[in-house]
Amino acid sequence: MFSVSPSIDPAIVSLAPGFRALSIAVEAAPIANAEIAEEALKQACASITGNETPWAEAHLAAWAEAFKAFGAKPKRTPCSADALRKRVLRDRAMPAIDPIVDLYNAVSIRYAIPVGGENFAAYVGQPLLTIANGTELFDTFKEGEPASESPEPGEVIWRDNQGVTCRRWNWRQGVRTRLSAEAKQMWFILESLPAMPLEALYQAGDALMQGIELMMPDSRIEKKLIGFESL
């Protein structure tokens, strides 16, 4: 089993006191039951109109405040969970993309929590949540062509030793570490603020792990809590 050891820059605490996250590493196996993800996504889209998560709005509002704290405009670049839920409320559905992506999007939608999925085999070193100085490189696409850009100075980013893996905390993932069902080493990060009960964070993690186990019965999974309340 490979090891993932995410770290958090202490400067993040002033932007988001009480930030905590579940780090889940998966040694993948061939997908045997892809329909698990499709069903999870359908159920998640249906759940957000039923008020199954009464703390959801408060949690998304807390993320908006955290984004404002480092200079982002949450209406233009919302956290990933807010963007997904708004899309579902608008379209009443979410199209399937990839079984693994669909599964972690389902968890994000149902629990109103940003969930990142990464191909850890593409990492250089370990993940770090930190403040950008503006010189880091982020790989993306512009007008259909590979391109590089840099985050704004002061922006919260996830990065490794090579560059930025996710901009504006959890707004946009990079191309290099993008996850798909073909990946052998998968890393998921479920990020929460105190407005989301800790029990709900663990429930979201359990939902993701159970879905993976059903889709890939021979996979191996490890999880750990990181953040300021887990130190």
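Our structure's up above, just so we're on the same page.
A brief structural summary. (Residues numbered from 1 in each chain as written. Predicted model: local features only at pLDDT ≥ 70, side-chain atom pairs only at ≥ 80, totals over all residues. Heavy atoms only, no water.)

Describing helix α2 (residues 35-47)
Note the following rule: Going along the chain from the N terminus, every DSSP run of H or I of four or more residues is numbered as a helix, and every run of E of two or more is numbered as a strand. To estimate the expected span of a helix, count its residues, drop one, and scale the result by 1.5 Å. By definition in these notes, contact holds between two residues if any of their heavy atoms fall within 4.5 Å.
Compared with an ideal rise of 1.5 Å per residue, which puts 13 residues at 18 Å, α2 spans 18 Å between its outermost C-alpha atoms and is within 8% of the ideal. In this structure, the buried side of α2 is in contact with α4 (80-91), α5 (99-111) and α6 (198-215).

Structural notes on the pairing of strand β8 (residues 164-167)
The cut-off we apply is this: We call two strands paired when DSSP finds no fewer than two bridges between them.
In this structure, strand β7 (residues 156-159) lies alongside β8, joined through two bridges in antiparallel fashion. Each residue of the ladder has a partner; that of Arg159, found in β8, is Val164. Between β7 and β8, which pair antiparallel in sequence order, lie four residues. Across two bridges, β8 lies against strand β9 (residues 172-173) in antiparallel orientation. Looking across to β9, one finds that Arg167 is bridged to Arg172.

Focus on the packing of aromatic side chains
For the record, the criterion: When the centres of two rings from Phe, Tyr and Trp lie within 6.5 Å, Trp using its six-membered ring, the rings pair. Their planes under 30 degrees apart give stacked, over 60 give edge-to-face, and anything left gives tilted. For each residue, the accessible area found with a 1.4 Å probe, counting protein chains only, is set against the maximum for its type, and the residue is called buried under 20%, exposed over 50%, and partly exposed in between.
This structure, assessed with the given rule, holds 11 aromatic pairs. Each ring, one from Trp63 and one from Phe67, has its centre 6.3 Å from the other, and the planes form 85°; the classification is edge-to-face. With Trp63 and Phe67 both in helix α3 (residues 56-69) and four residues apart, the pair spans about one turn of that helix. Taking the relative accessible area as the measure of exposure, Trp63 reaches 0% and is therefore buried.

Describing α5
If you check α5, its first and last C-alpha atoms are 18 Å apart, about what 13 residues at 1.5 Å a residue would give, namely 18 Å. Counting buried positions over the 13 residues of α5 gives 11, a clear majority of the element. On its buried face, α5 is in contact with α2, α4, β3 (115-119), β9, β10 (185-192) and α6. Of the residues trailing α5, Ala112 is marked for its positive phi of about 50°.

Topic: the nonpolar core
Applied cut-off: In these notes, a set of buried Ala, Val, Leu, Ile, Met, Phe, Trp, Tyr and Cys residues joined through side-chain atoms within 4.5 Å is what counts as a nonpolar core.
Core analysis: the biggest nonpolar cluster contains 70 residues, and Trp169, Phe188 and Leu190 have the highest contact counts within it. A per-element tally of this core places α5 first, with eight residues. Residues in contact with Phe188, not counting those within four places in the same chain, are Leu22, Ser23, Ile24, Val26, Ile100, Tyr104, Gly116, Gly117, Leu179, Leu208 and Ile212.

Observations regarding the sheet that holds strand β2 (residues 20-27)
Rules: The angle between two axes is taken between their N-to-C directions and runs from 0 to 180 degrees, where each axis is a line fitted to C-alpha atoms and a helix contributes only its stretch in contact.
The four strands lie next to each other as β3-β10-β2-β11, forming an open sheet whose pairing is antiparallel. Where the open sheet ends on each side, the last strands, each with one partner, are β3 and β11 (220-227). Here the average twist between neighbouring strands, direction ignored, is 15°. Of the pairings in the sheet, the one linking β2 to β11 comprises eight bridges and is antiparallel in character. If you follow Ile24 over to β11, its bridge partner there is Lys223. Each of β3 and β10 is contacted by α5, which is oriented at about 160° to β3, the strand it contacts most. Packing against the sheet, α6 makes contact with β2, β10 and β11, and its axis sits at approximately 15° to β2.

Overview of the pattern of salt bridges
Here is the rule we go by: Think of a salt bridge as a Lys or Arg side-chain nitrogen and an Asp or Glu carboxyl oxygen that are within 4 Å of each other.
Enumeration according to the criterion identifies 12 salt bridges in this entry. Taking the shortest distance from any N to any O, the salt bridge between Arg90 and Asp91 comes out at 2.8 Å. Residues Asp206 and Lys223 are paired through a salt bridge, measuring 3.5 Å at the closest nitrogen-oxygen approach. In this pair, Asp206 sits in helix α6 while Lys223 sits in strand β11, placing the two residues 17 residues apart along the sequence. Overall, the relative accessible area of 38% leaves Lys223 in the partly exposed class.

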